[in-house]
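Residues per chain, in single letters:
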Amino acid sequence: MANKPKPVQEFSELPILPVRDTVLFPNAILPLTVGRESSLKLVSELEGENKFIAVVAQRDPRVDNPQAVDLYQIGTAAYIHKIIKLPSQSLFIFVEGLQRLAVEEIVQIEPYMRGRVKNLPDPGVPADRPEFEALQRSVTSLFQQVVQLSPTLSDDLQTVVMNIDDPSRLADFIAANLPSLSHTEKQELLESLDLGTRLERLNKHLARELEVQQLRSKIQSDVQDQVTQSQREYYLREQMKAIQKELGDADEAQEVEELRHKIEAAGMSEEAKKEAFRELGRLSKMPPAAADYHVTRTYLEWLIALPWNKFSDLKVDLRKAKEVLDADHYDLEKIKERILDYLAVLQLKPQMKGPILCFAGPPGVGKTSLGKSIARALDRKFVRMSLGGIHDEAEIRGHRRTYIGALPGQIIQGIRRAETRDPIFMLDEVDKIGRDFRGDPSSALLEVLDPEQNSHFRDNYLDVQFDLSRVLFICTANVLDTIPPALLDRMEILDLQGYTEEEKIEIAIRHLIPKQTEEHGVKAPEQIEFSRPALAYVIRHYTREAGVRNLEREIATLCRKQARKLAEGSAEKLVVTEENIPHSLGVPRFRPEAEIVDRTRQPGVAIGLAWTPAGGDILFVESSVMKGGKNFTMTGHVGQVMQESMQAALAWVRAHASDYGLDPEFFQHNDLHVHVPAGAIPKDGPSAGVTMVTTLISALTKRPVHERLAMTGEITLSGQVLPVGGIKEKVLAAKRAGIKKVLLPAENEPNVHEDLSPEILEGLEVKYVKAIGEVVDLALEKEPVSADDLKARHAALTTATAGPPN
């Protein structure tokens, strides 16, 4: 082994070639691609034999125009052996590292870098140091083991290493050929001028690399063992299939092939087909007795059964659709117009996405049956899902297959039952969805009812995307307050308000009577006949609703009574009249007109109009004045908002007491009590404000309210009457109750013109008010009631409410 340092060539100044992510070691030949403009100029100016350069690595490879501070201080003197021009105007050069050098000063930047350099000769090998020789042997041995284990290093490197005697050259050779070393680690080895330090660092790197290669080899060996085992199982399985075939037991293989053909013919999306074939591959390897066999089989059958590319025949006939809708439902013009608009667009653009409609209205107005009529008008399949009381999010999205007995959600099940990808899908009672620890179904519906998202709906059970964008979703709800805002925002709300008396009579004649007579086996008009006045009597005195469900029940009762008579042998025809209705339906349940007249005879009683989920209704408000001082009592199960409305009404009356001939100090010597009857029913809202003021002034001035007059409107302390909601329902309730005059806020006048036809307003006088003073002037009689008249009214009221004698 040579112990003398190797002679070096002296350089004082050299052109500098900066390189990225590359370190050139002495005695190593390295190919480099030269593409920078400054580097190209450097190479082009080298002439003859003087092709010596300094190759120095950059600290940050992202710097395109490096300066002196961007380069390491120590690099390698190199000689360019060959230059190849590339089509991309770049150069490909082969350089040989000669020796280490230090860049002392940059003397030139343009057109390329040039610097004054200092040669760094390798130190000699210390004499008589056994530990040094042991370190050299350890490095050699470790490198040979790494070469044996590494798939990327050539086995010839072991022979080359064995033939290198110079320890410095040995260390540089190994460092240059070890691919696991990072750019920074190679630079550290280049800068290690002390040979012992260099060998120690290299020894650590080699030990780490050997451990990594051993782990890689172990992992690869384990994987190979698994692959070998899988191949063995495959061969055994194929032999078993051959044996089963010889024995005639090939039903399982035949089922797998049938499933394969069905998957091909199902028209699935690429994702679904890929998943189906993957599961089919698993199924083919399972014995029928395996626990997962039937789970996988059921999953594949669900995938195959879905209508991936089946659509209804597009037959857009606007005239026929209008005829169907008109035949099934009376009135509801806005809803019908919206459906016909959708059909018109569908005729122009067959690929359009289905709208998300929500029918909102009181019970019994025909929301659910309207969905069936739409399906009939569009000639599509109809699927209905009731959401009332659903608590589990899995009802919408399905359960994951890890659960026993898992199934897809009701959305996918409904699509499968429809056997088409574009049915009419009704989500009934969307306002009655529950929520508990099992999840929030309304949040799961956000994806279903969003046209931008439901084209990629992913059921938990299927775990593949299914396109719901062509489905026409129709939701129904009685109230919108309980629907989450995010879900409500995704739906187009179509209000179905209550019916007038005339509309109910028409619906009964067209739909309810034919349906009930057919169901009860009674022929109309041969065996039973309903007159319009009789139907009006039933509506007025036996039902109080926005829809027609109770009316249908009463008609069914009359049909049953006649059916019983026919069954008993009587052949007499029943003509339903006002006189014989009580014999079948009992005593009239409601006496709206008589009740209104009787109860408003007394001063201090006024009629308000209220909105309820079942439609509109009238609301009596009573006030009483008694001796006392400063007490104001509010009863009738009234909510916080209504209590505040009563307080505001009292404040306004006290502030304007002198305008109505009242002592401004009346509250100092009197107690006031405001009561809203039907105390078991909760009431709330600000729309009875004008009624509170009217009843207080009526009680204090003894001026009664005009007969058959009702009102609604919110009040302010400054005396303004603010608009309220539910105008159509309230006006319909007033007409049902026999009201002749209605006071409404002036700002609600557009609602009246939009929602109420002249036929509905016939026989009803509507007055619009802006201030509380106008309400009082229109509502109260001019003169107070005398004491004798008041006693007479008390007696008449007692007689009216006592009822018939026993």
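Residues numbered from 1 in each chain as written. Predicted model: local features only at pLDDT ≥ 70, side-chain atom pairs only at ≥ 80, totals over all residues. Heavy atoms only, no water.

Asks: Can you help me understand the packing of helix α2 (residues 130-149) against helix α4 (residues 167-177) in this one?
Replies: Between two packed helices, the angle of one axis relative to the other and the distance separating the axes together describe the packing. Contact pair α2 / α4: the axes reach a minimum separation of 11 Å and the direction vectors enclose 30°. It follows that α2 is roughly parallel to α4 by the angle criterion. The crossing of α2 and α4 is left-handed. The segment α2 lies against α4, with F132, Q136, V139, T140 and F143 engaging P167, L170, I174 and N177. For the contact of α2 with α4, a count of residues per class yields six nonpolar, three polar and no charged. (Axes fitted to C-alpha atoms, helices over the stretch in contact; angles between N-to-C directions. Helix = DSSP H or I, 4+ residues; strand = E, 2+ residues; numbered from the N terminus. Parallel < 35°, antiparallel > 145°, perpendicular 65-115°, else oblique. Left-handed = near helix turned anticlockwise from the far one by under 90°. Contact = heavy atoms within 4.5 Å. Nonpolar A, V, L, I, M, F, W, Y, C, P; charged D, E, K, R; others polar.)

Asks: Could you clarify how one ought to interpret the pairing of strand β3 (residues 52-57) in this entry?
Replies: Side-chain direction in a regular strand flips from residue to residue, so the side chains alternate between the two faces of the sheet. The element β3 is extensively covered by neighbouring structure, given that six of its six residues are classed as buried. For strand β1 (residues 13-19) and β3, the ladder comprises four bridges, and the chain directions are parallel. Bridge assignment links V19 to a residue of β3, and that residue is A57. Pairing analysis gives four bridges linking β3 to strand β4 (residues 74-85), with the strands arranged antiparallel. Residue pairing across strands places I53 opposite A78, the latter belonging to β4. (Buried < 20%, exposed > 50% of the residue type's maximum accessible area, 1.4 Å probe, protein only. Pairing = 2+ DSSP bridges.)

Asks: What should I look at first to understand the nonpolar core in this one?
Replies: Burial of nonpolar side chains together is a common tendency in soluble globular proteins. By size, the foremost hydrophobic cluster in this structure holds 51 residues, and its most contacted members are L427, L445 and L449. Top contributing element to this core by residue count: helix α9 (residues 293-305), with six residues. For L445, the residues in contact, after removing those within four places along its chain, are L387, I396, L427, V430, I433 and L487. Core analysis: the second largest hydrophobic core is formed by 50 residues, L346, F359, I474 and V522 among them. (Core = buried A, V, L, I, M, F, W, Y, C linked by side-chain atoms within 4.5 Å.)

Asks: Would you explain empty space enclosed by the protein in this entry?
Replies: If you roll a probe as big as a water molecule over the atoms, it shows you where there is empty space left. Per the counting criterion, the structure on display carries three cavities of 30 Å³ or more. Roughly 120 Å³ of internal volume is contained in the largest cavity. What lines the largest cavity is a set of 12 residues, and nearest its centre among them are T543, R544, A733, R736 and A737. Put simply, the parts of the chain that give the lining of the largest cavity at least two residues each are α18 (532-542), β17 (615-627) and α25 (727-736). Examining the composition of the lining of the largest cavity, we find that three residues originate from one element, β17, more than from any other. Within the lining of the largest cavity, the residues separate by chemical class into five nonpolar, two polar and five charged. Split into classes, the residues belonging to the lining of the second largest cavity amount to five nonpolar, one polar and five charged. (1 Å grid on protein atoms, 1.4 Å probe; cavity = no way out; pocket = protein on both sides within 12 Å on 5 of 7 lines; lining within 4 Å. Points joined across faces, edges and corners; volume = space filled by probe spheres on them.)

Asks: Even after reading the chapter, I still don't get helix α12 (residues 367-378), so can you show me in this structure?
Replies: With 12 residues, α12 ought to run about 16 Å at 1.5 Å a step, and its terminal C-alpha atoms sit 17 Å apart, in line with that. For α12, the complete set of buried residues consists of K367, L370, G371, S373, I374, A375, A377 and L378. Those residues of α12 hidden inside the fold are in contact with α10 (318-328), α11 (333-348), β7 (356-360), β8 (382-386), β9 (424-428) and β12 (472-477). The first or second residue beyond α12 is D379, which carries a positive phi of 60°. (Expected span 1.5 Å × (residues − 1).)

Asks: Hey, could you run me through a nonpolar patch on the surface in this one?
Replies: Residues I219, V223 and V227 make up a contiguous nonpolar surface patch of roughly 240 Å² in combined accessible area. Summarising the element assignment, V223 is placed in helix α6 (residues 195-247). (Patch = residues over 30% accessible without salt bridge, like charges linked within 9 Å, V, L, I, M, F, W, Y side chains within 5 Å. Areas by Shrake-Rupley, 256 points an atom, 1.4 Å probe, with all protein chains shown as cover. Salt bridge = Lys/Arg side-chain N within 4 Å of Asp/Glu carboxyl O.)

Asks: I'm lost on the sheet that holds β7 in this one. Help?
Replies: The pairing of strands in a sheet happens through backbone hydrogen bonds and is either parallel or antiparallel. Here we have five strands laid out as an open sheet, ordered β8-β9-β12-β7-β13, and parallel in their pairing. Of all the strands in the sheet, the pair left with one neighbour each is β8 and β13 (492-495). Neighbouring strand axes in the sheet, compared pairwise and without regard to direction, differ in orientation by 20° on average. Across five bridges, the pairing between β7 and β12 is parallel. Opposite I356, over in β12, you have F473 as the bridge partner. Helix-sheet contacts for α12 involve β7, β8, β9 and β12, and the interaxial angle to β9 is about 175°.

Asks: In this structure, what is going on with the sheet that holds strand β16 (residues 605-612)? I would like to understand it.
Replies: Spatial strand order, β18-β19-β17-β16-β20-β23-β24: seven strands in an open sheet with mixed pairing. Here the strands that pair on one side only, and so sit at the sheet edges, are β18 (632-635) and β24 (765-769). Sheet twist, expressed as the mean angle between neighbouring strand axes with direction ignored, is 25°. Of the strand pairs in this sheet, strand β23 (residues 741-745) and β24 are connected by five bridges, and their pairing is parallel. Bridge pairing in β24 places K741 opposite E765.

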